[in-house]
Amino acid sequence: MSDFLQKLNKLKQKPVLTNSVGCLFMFALSFFLIYRVRVINEPKYIAGTRGQIIYTLGVFAFAMLFVLIFRAAKKRSGDNLPLFMSALVFALGVLFSFATPINQVPDENTHFLRGVQMAYGDWGFEEGYVFPDDVNLLMQCFPVAYNNGYPAKDTGIVYDRYSQYYELRRQGTEKAENNGIIIFQVLPYIPLTVGIFAARILGMSAMAMYFMGRIRNVCFFTLCAYFALKMSGRFKMILFSIMCLPLMCFMYGSCNSDAVLFGLMFLMFGAVLSDEFDKNKFFTFALTLALLATCKMTYIVFLPMLLCIKNENWNVKVRGKSINKLTALIVTVLAFVVVYEGTSLYVAAFSNFGTIDRTMADTDPMRQFLFIVKNPLRYAAVFVDTLKNNSFFLFSGGLLGWIDVKIPLVNYLTPLIALFTVVNGAGVFEKRDAVKTAGFFVCSLLTYATAMTGLYLSWTPVTLPQIIGMQARYVYPAFLGFAMVVGQYFAGKIKPDTDNSSVGCIGVQYAFCVVAAVMMIMVYSLPERAAVFIA
């Protein structure tokens with residue numbers, strides 16, 4: 001074994017040879033991938049030897065591009081690991097932004113329309129708002145849940161919709177039906193609105209607005225990621241382990257407001273993970289929690305994390321006077337109340353909506369609540385059964401679309417890849433971190449409880465023995481708590497390492513996300529037979 005390692009080290013000292021071997025392996029892999037697609041899926045556009053060669057070179061160039069991005073990011077960032085990580089986060093976000101077809105991220109259609117409404121100057125909430133014809137046409141050409149509702153054998157692959165949109169736009173004869181939305185939020189749509197507005201003043205099409213909005217969300221998330229990783233200190237690899245996963249890249253590379261909320265979430269986590277919790281980190285925590293809880297009430301469960309910060313790490317001073325934890329807790333609650341009530345008053349002042357009918361039939365939050373109170377054991381059974389049926393949502397990382405796009409390999413590998421990074425970075429944990437780890441774990445359990453109970457109350461027919469509407473993204477904030485527990489457990493089993501800057505782990509997660517994006521592209525760009533085979 002030692003002889004093998006010595007030979008491997010000697011090989012590393014010959015970059016020309018190692019790079020050549022790597023390129024040869026990548027080319028062989030690209031060749032086999034295209035050949036496999038030709039044999040299994042038989043797409044007409046990759047027919048014959050010429051198609052094999054052209055598409056092999058294309059896939060090879062694509063792979064080498066992301067290898068070069070990785071190396072360039074590492075070289076440019078030097079020893080600044082948060083900058084290196086956030087550069088990769090940005091690259092992956094751009095990749096998923098353009099790889100994911102329009103409207104294939106859950107709720108992205110209505111969130112884009114909200115951004116358009118704001119970009120055209122209406123920051124209120126107008127019932128029956130009339131969207132531009134070009135925007136309505138885009139929504140008509142790109143239906144949601146494409147694989148499920150529009151099988152490839154009937155209407156062609158989803159990318160045919162791009163040419164259809166531009167053809168109908170060129171003809172100018174198609175009058176699409178106006179869309180309606182019911183969204184009463186402003187703050188999480190501001191980055192999206194900036195991108196859409198920029199495309200609008202440049203005279204671009206609705207499709208360009210869409211992608212500009214996605215890119216602006218990626219920029220916002222990347223900025224949050226950088227400061228979160230920088231604040232988290234020795235825990236940056238643990239934070240990166242859940243930040244750089246396919247489902248997260250899929251979400252923040254979209255027009256969905258979760259791109260902004262997840263960015264704020266990581267800022268909140270980064271502040272709490274810091275070894276020195278000072279005034280700036282406290283204000284970061286208080287403001288992000290207030291914004292997050294206003295938009296999604298489930299985030300309020302992270303409020304007690306202030307109490308889990310060690311006294312020796314607590315250094316919150318305002319004008320030279322120390323602020324204790326209880327005062328900080330009260331200030332954070334007040335910040336939430338101000339933001340929440342301010343938002344409510346804004347909605348009341350600028351909304352002309354009347355009574356809104358419930359989307360799901362037979363739902364009634366009050367009746368459902370009384371049912372839970374009267375039948376707690378029954379609800380506990382429903383809760384546990386929903387978790388069991390969905391594998392605790394730990395193996396849902398390959399749901400890169402609506403419910404119609406599930407990539408099993410990505411589902412299975414996502415927790416394993418994250419586990420690999422967490423275990424590798426467990427050397428940063430110390431005994432004094434046990435309280436913080438326990439706090440995160442409790443908040444994770446509460447996240448599951450509040451998210452699932454909220455959907456049972458608001459989205460599930462009364463007494464139904466299953467919780468409707470649950471998705472992994474709703475409990476994604478809980479995954480950091482699980483990562484902390486795993487890291488704390490393995491801390492005593494591996495060598496302490498406060499530096500924790502494994503480029504290898506970063507590379508594995510980065511490569512995994514690129515591969516997941518390619519698999520997603522295959523689901524959408526190949527005939528229906530491919531969708532059945534892959535997903």
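Residues numbered from 1 in each chain as written. Predicted model: local features only at pLDDT ≥ 70, side-chain atom pairs only at ≥ 80, totals over all residues. Heavy atoms only, no water.

Caption draft 1: Looking closely at the confidence of the model for the protein chain. Here the protein chain shows a mean pLDDT of 91. Residues at 70 or above account for 93%. Counted against residues more than four places away or in other chains, residues 149-154, with its pLDDT under 50, gives 9 contacts. Low pLDDT, under 50, characterises residues 530-535; the predicted model gives this stretch 18 contacts beyond four residues in sequence or across chains. (pLDDT = per-residue confidence, 0-100. Contact = heavy atoms within 4.5 Å.)

Caption draft 2: Representation of the environment of Met522. Summarising the element assignment, Met522 is placed in helix α22 (residues 503-525). For Met522 and Val37, which are 485 residues apart along the polypeptide, the C-alpha to C-alpha distance reads 9.0 Å. (Helix = DSSP H or I, 4+ residues; strand = E, 2+ residues; numbered from the N terminus.)

Caption draft 3: Representation of empty space enclosed by the protein. Counted according to the given criterion, the structure contains 3 cavities of 30 Å³ or more. Empty space within the largest cavity amounts to approximately 60 Å³. As for the largest cavity, its lining consists of Pro106, Leu247, Phe250, Met251, Ser396, Leu399, Gly401, Gln471, Ala472 and Arg473. When its residues are assigned to classes, the lining of the largest cavity shows 6 nonpolar, 3 polar and 1 charged. (1 Å grid on protein atoms, 1.4 Å probe; cavity = no way out; pocket = protein on both sides within 12 Å on 5 of 7 lines; lining within 4 Å. Points joined across faces, edges and corners; volume = space filled by probe spheres on them. Nonpolar A, V, L, I, M, F, W, Y, C, P; charged D, E, K, R; others polar.)

Caption draft 4: Expanded view of the layout of surface pockets. Reported here for the largest pocket is a volume of approximately 1700 Å³. Lining the largest pocket are 40 residues, with Cys295, Lys296, Ser458, Trp459 and Tyr474 sitting closest to its centre. Contributions of two or more residues to the lining of the largest pocket are made by α5 (108-119), α14 (258-273), α15 (279-295) and α20 (434-458). Ranked by the residues each element gives to the lining of the largest pocket, the list is headed by α20, at 6 residues. Across the lining of the largest pocket, the residue classes tally to 20 nonpolar, 14 polar and 6 charged. When its volume is computed, the second largest pocket comes out at roughly 1100 Å³. Elements supplying a minimum of two residues to the lining of the second largest pocket: α2 (15-40), α3 (48-77), α19 (408-424) and α22. In terms of residue count, the dominant contributor to the lining of the second largest pocket is α2 (10 residues).

Caption draft 5: Structural context of the pattern of salt bridges. For the structure shown, the criterion picks out 12 salt bridges. In this structure, Arg214 and Glu108 form a salt bridge, with 2.8 Å as the shortest nitrogen-oxygen distance. In this pair, Arg214 sits in helix α11 (residues 206-232) while Glu108 sits in helix α5, placing the two residues 106 residues apart along the sequence. A residue is classified by how much of its surface remains accessible, and Arg214, at 0% relative accessible area, is buried. Of the charged contacts, one joins Asp134 and Arg169 as a salt bridge, the two residues approaching to 3.1 Å between their closest N and O atoms. Within this pair, whereas Asp134 is found in helix α6 (residues 133-141), its partner Arg169 is found in helix α9 (residues 160-171), the two being separated by 35 residues in sequence. Judged by relative accessible area, Arg169 falls into the partly exposed class, the value being 38%. (Salt bridge = Lys/Arg side-chain N within 4 Å of Asp/Glu carboxyl O. Buried < 20%, exposed > 50% of the residue type's maximum accessible area, 1.4 Å probe, protein only.)

Caption draft 6: Molecular detail of unusual backbone geometry. Residues other than glycine seldom take positive phi values, yet Ser391 does so here, at roughly 50°. Tracing the sequence through the fold places Ser391 in the loop between α18 (376-389) and α19. Its relative accessible area of 36% is what places Ser391 among the partly exposed residues. In this model, Thr463 sits at a positive phi of 70°, which is unusual for a non-glycine residue. Residue Thr463 is classed as partly exposed on the basis of its relative accessible area, which comes to 35%.

Caption draft 7: Local environment of the state of the cysteines. Scanning the model with the defined rule gives 0 disulfides in all. With no disulfide partner, Cys219 has as its closest neighbouring cysteine sulfur the one in Cys224, 11 Å distant. Among the cysteines around Cys513, which has no disulfide bond, Cys249 carries the closest sulfur, lying 3.9 Å off. (Disulfide = S-S within 2.5 Å.)

Caption draft 8: Representation of the side chain of Gln509. Mapped onto the fold, Gln509 is located in helix α22. Residues in contact with Gln509, not counting those within four places in the same chain, are Phe240, Ser241, Cys244, Leu245, Ile417 and Thr421.

Caption draft 9: Molecular detail of the packing of helix α4 (residues 81-99) against α11. Here α4 crosses α11 at 160°, and the two axes come no closer than 9 Å. Here α4 lies roughly antiparallel to α11, going by the angle between them. Of the two elements, α4 crosses α11, and the hand of that crossing is right-handed. Taking contact as the criterion, the partners of Pro82, Leu83, Met85, Ser86, Val89, Phe90, Gly93, Val94, Phe96, Ser97 and Phe98 in α4 are, on α11, Phe211, Arg214, Ile215, Val218, Cys219, Phe221, Thr222, Ala225, Tyr226, Leu229 and Lys230. Looking at the contact of α4 with α11, its residues break down into 16 nonpolar, 4 polar and 2 charged. (Axes fitted to C-alpha atoms, helices over the stretch in contact; angles between N-to-C directions. Parallel < 35°, antiparallel > 145°, perpendicular 65-115°, else oblique. Left-handed = near helix turned anticlockwise from the far one by under 90°.)

Caption draft 10: Local environment of the environment of Leu303. Within the secondary structure layout, Leu303 lies in the loop between α15 and β2 (314-315). Accessibility expressed as a relative area gives 15% for Leu303, which makes it buried. Sequence separation between Leu303 and Val410 is 107 residues, and the spatial gap between their C-alpha atoms is 33 Å.

Caption draft 11: Inspection of α6 at higher detail. With 7 of 9 residues buried, α6 is to be regarded as a mostly interior element. For α6, the full list of buried residues reads Asp134, Val135, Asn136, Leu137, Leu138, Met139 and Cys141. Looking at the buried side of α6, the elements it contacts are α5, α9 and α11.

Caption draft 12: Layout of the packing of α20 against helix α21 (residues 479-491). Close contact between α20 and α21 brings their axes to 7 Å; oriented N to C, the two are set at 145°. The two elements α20 and α21 meet at a crossing, and its hand is left-handed. On the side of α20, the interface is formed by Ala434, Lys436, Thr437, Phe440, Phe441, Ser444 and Tyr448, while α21 contributes Phe479, Leu480, Gly481, Phe482, Met484, Val485 and Gln488. By residue class, the composition of the contact of α20 with α21 is 9 nonpolar, 4 polar and 1 charged.

Caption draft 13: The nonpolar core, seen in detail. Ranked by size, the top nonpolar core spans 116 residues in total, and within it Phe266 and Phe302 carry the most contacts. In terms of residues, this core owes the most to one element, α14, which gives 13 residues. Setting aside anything within four residues of it in sequence, one finds Phe266 in contact with Phe221, Ala228, Leu239, Ile242, Met243 and Met248. Formed by 34 residues, the second largest nonpolar core is a distinct cluster that contains Leu113, Tyr129, Leu137 and Leu168. (Core = buried A, V, L, I, M, F, W, Y, C linked by side-chain atoms within 4.5 Å.)

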